[in-house]
Amino acid sequence: MPSTNVSRMSRNLMLLIVVLAALYLTLCGALYVFQRALIYYPQPRAIGTSETLLTLPVDDAQLQVSVRPHDGPNALIYFGGNAEDVSRNLPEFSQAFPDYALYLLHYRGYGGSTGSPSEEAIARDALALFDTVQATHGHVAVVGRSLGSGVAVRLASQRPAARLVLITPYNSLEGLAARQFHWFPVKWLLKDKFESWRYAARITVPTRLIAAEHDEVVPGSSTRLLYSHFARGVASLQVIAGTGHNSISDSPEYLKALGDGL
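Residues numbered from 1 in each chain as written. Predicted model: local features only at pLDDT ≥ 70, side-chain atom pairs only at ≥ 80, totals over all residues. Heavy atoms only, no water.

Looking at an unreviewed UniProt entry, one finds the chain named AB hydrolase-1 domain-containing protein, with Pseudomonas mohnii as its source organism.

### Some details on helix α9 (residues 252–261)
To be explicit about the condition: Relative accessible area decides the class of each residue, using a 1.4 Å probe on protein chains only: under 20% of the type maximum gives buried, over 50% gives exposed, and in between gives partly exposed. For helices the rule is a DSSP run of H or I covering at least 4 residues; for strands it is a run of E covering at least 2, with both sets numbered from the N terminus onward. Starting at the helix axis, one direction is taken to each C-beta atom, and the arc is that of these directions. Note on contacts: a residue pair qualifies if any of its non-hydrogen atoms lie within 4.5 Å across the two residues. Side-chain atoms alone can form a polar contact between residues adjacent in sequence; in general such a contact is a pair of N or O atoms within 3.5 Å, and within protein one must be able to donate a hydrogen while the other accepts it.
Every buried residue belonging to α9 is among Tyr254, Ala257, Leu258 and Gly261, and all of these are buried. Viewed end-on, α9 has its buried residues packed into an arc of 100 degrees, placing them on one side of the element. The exposed residues of α9 that point more than 90 degrees off its buried face are Pro252 and Lys256. Buried-residue contacts for α9 involve β3 (74–79), α2 (90–96), β5 (139–145), β6 (163–167), β7 (207–212) and β8 (235–240). Where α9 begins, the side chain of serine 251 points an oxygen toward the backbone nitrogen of glutamate 253, at a separation of 3.1 Å.

### Focus on the sheet that holds β7
We count it as follows: A pair of strands is labelled paired if DSSP reports no fewer than 2 bridges between them. For helices, the fitted axis covers only the stretch in contact; all axes are lines through C-alpha atoms, and the angles between them, taken along N-to-C directions, range from 0 to 180 degrees.
Across the sheet, 8 strands lie side by side as β1-β2-β4-β3-β5-β6-β7-β8; this open sheet has mixed pairing. The outermost strands of the open sheet, each flanked by one partner alone, are β1 (53–58) and β8. Each strand axis lies, on average, 20 degrees off the axis of its neighbour in the sheet, ignoring direction. Seen against the sheet, helix α4 (residues 147–156) touches β3, β5 and β6 and runs at an angle of roughly 150 degrees to β5.

### What about the layout of surface pockets?
What counts, and what does not: Using a grid of 1 Å spacing that covers the protein atoms alone, one calls a set of points a cavity when a 1.4 Å probe fits there but cannot get out, and a pocket when the set is open and has protein on both sides within 12 Å along at least five of seven lines; lining residues are those with an atom within 4 Å of a point. Grid points are joined across faces, edges and corners, and a volume is the space filled by probe spheres set on the points. Each residue is assigned to one class: nonpolar for Ala, Val, Leu, Ile, Met, Phe, Trp, Tyr, Cys and Pro, charged for Asp, Glu, Lys and Arg, and polar for all the others, Gly among them.
For the largest pocket, the calculated volume is near 760 Å³. In terms of lining residues, the largest pocket is bounded by 28 residues, among which Leu38, Ile39, Asn82, Leu173 and Gln180 are the most central. Counting only elements with at least two residues in the lining of the largest pocket, the list comes to α1 (3–39), α5 (173–180) and α6 (186–189). Examining the composition of the lining of the largest pocket, we find that 5 residues originate from one element, α5, more than from any other. Looking at the lining of the largest pocket residue by residue, the class counts come to 16 nonpolar, 8 polar and 4 charged. Within this model, the second largest pocket holds a volume of roughly 190 Å³.

### Overview of the side chain of serine 157
Structurally, the position occupied by serine 157 is in the loop between α4 and β6. At 2.7 Å, the side chain of serine 157 and the backbone oxygen of arginine 154 are in polar contact. Residues within four places of serine 157 in sequence aside, it is in contact with Tyr199, Arg202 and Ile203.

### Observations concerning empty space enclosed by the protein
Counted by the stated rule, this structure contains 1 cavity of 30 Å³ or more. Computed from the structure, the largest cavity encloses a volume of approximately 30 Å³. Considering the residues around the largest cavity, the lining is formed by Glu119, Ala123, Gly150, Val151, Arg154 and Phe194. At the level of elements, α3 (119–134) and α4 are the ones that each hand at least two residues to the lining of the largest cavity. Class assignment for the residues of the lining of the largest cavity results in 3 nonpolar, 1 polar and 2 charged.

### Focus: unusual backbone geometry
Despite not being glycine, serine 146 has its phi angle at roughly 55 degrees, a positive value. With respect to the helices, strands and loops of the structure, serine 146 is situated in the loop between β5 and α4. Of note in this structure, threonine 168 is not a glycine but carries a positive phi near 45 degrees. Of note, threonine 168 is situated in the loop between β6 and α5. A relative accessible area of 1% places threonine 168 in the buried class.

### Brief notes about the pairing of β5
The side chains of a regular strand alternate between both faces of the sheet. For the record, the criterion: If you view a crossover with the strands going away from you and the path from the first strand over the helix to the second runs clockwise, you call it right-handed.
Among the 7 residues in β5, 6 count as buried, and that is most of the element. By the bridge criterion, 6 bridges tie β3 to β5 in an arrangement that is parallel. Paired with asparagine 74 across the two strands is histidine 139, which belongs to β5. With α4 bridging β5 and the parallel β6, this β-α-β connection has right-handed handedness.

Laid out in structure tokens, this is it:
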């Protein structure tokens with residue numbers, strides 16, 4: 001092959017490599033800039049009257065909390081999934097747990113809460129809500145579902161929760177993202193890692209992990225790995241048969257499993 005052809009092929013190959021590298025870096029940049037739009041899907045609030053809403057002011061936001069007031073020592077704080085309107089749980093929870101005051105947090109940007117969601121902002125908001133609830137209730141159970149399981153376990157490692165229930169929980173959001181975007185350096189790009197495993201080892205209160213048998217979002221291996229980080233005897237794991245990540249709450253076993261953990 002003439003040397004001029006070899007040289008032209010080399011230049012074309014180098015140009016292709018440069019173009020592919022530029023495209024890859026552009027995609028990495030887009031993931032970094034828009035990552036929170038891929039994590040959080042704010043939902044409007046479907047249920048809300050003056051009797052079922054609490055406005056919780058924090059330093060830089062006004063948070064909305066769907067509530068069912070109830071006198072007595074027992075309270076339940078609930079953190080929902082990344083695309084969940086937590087107010088929709090109010091009727092069922094009210095019927096299933098009549099002896100509990102209910103506090104269901106609408107994350108920043110969700111259900112009328114102001115601000116933008118991030119892991120650190122939600123963690124601060126969770127602490128503020130717990131402190132407010134604990135001022136009037138001595139027995140505060142903390143419940144988190146899906147994304148909210150990471151919020152709940154972190155909170156329970158920092159405040160004296162009476163019980164902890166984690167629904168479709170994951171070991172870390174970083175692990176889930178790396179599984180979905182395995183061609184990208186997620187470890188270096190991800191801002192909100194929700195490392196639940198890091199906080200699990202600090203938990204000392206009775207904890208129930210509730211998993212879906214056919215969870216298509218959080219693999220069972222991630223839930224079992226999280227379970228392994230709890231101290232022996234602290235946590236139990238229950239798998240609800242025949243359910244998926246979003247359909248688990250449709251099972252008649254769901255509220256019973258939740259209630260057993262309270």
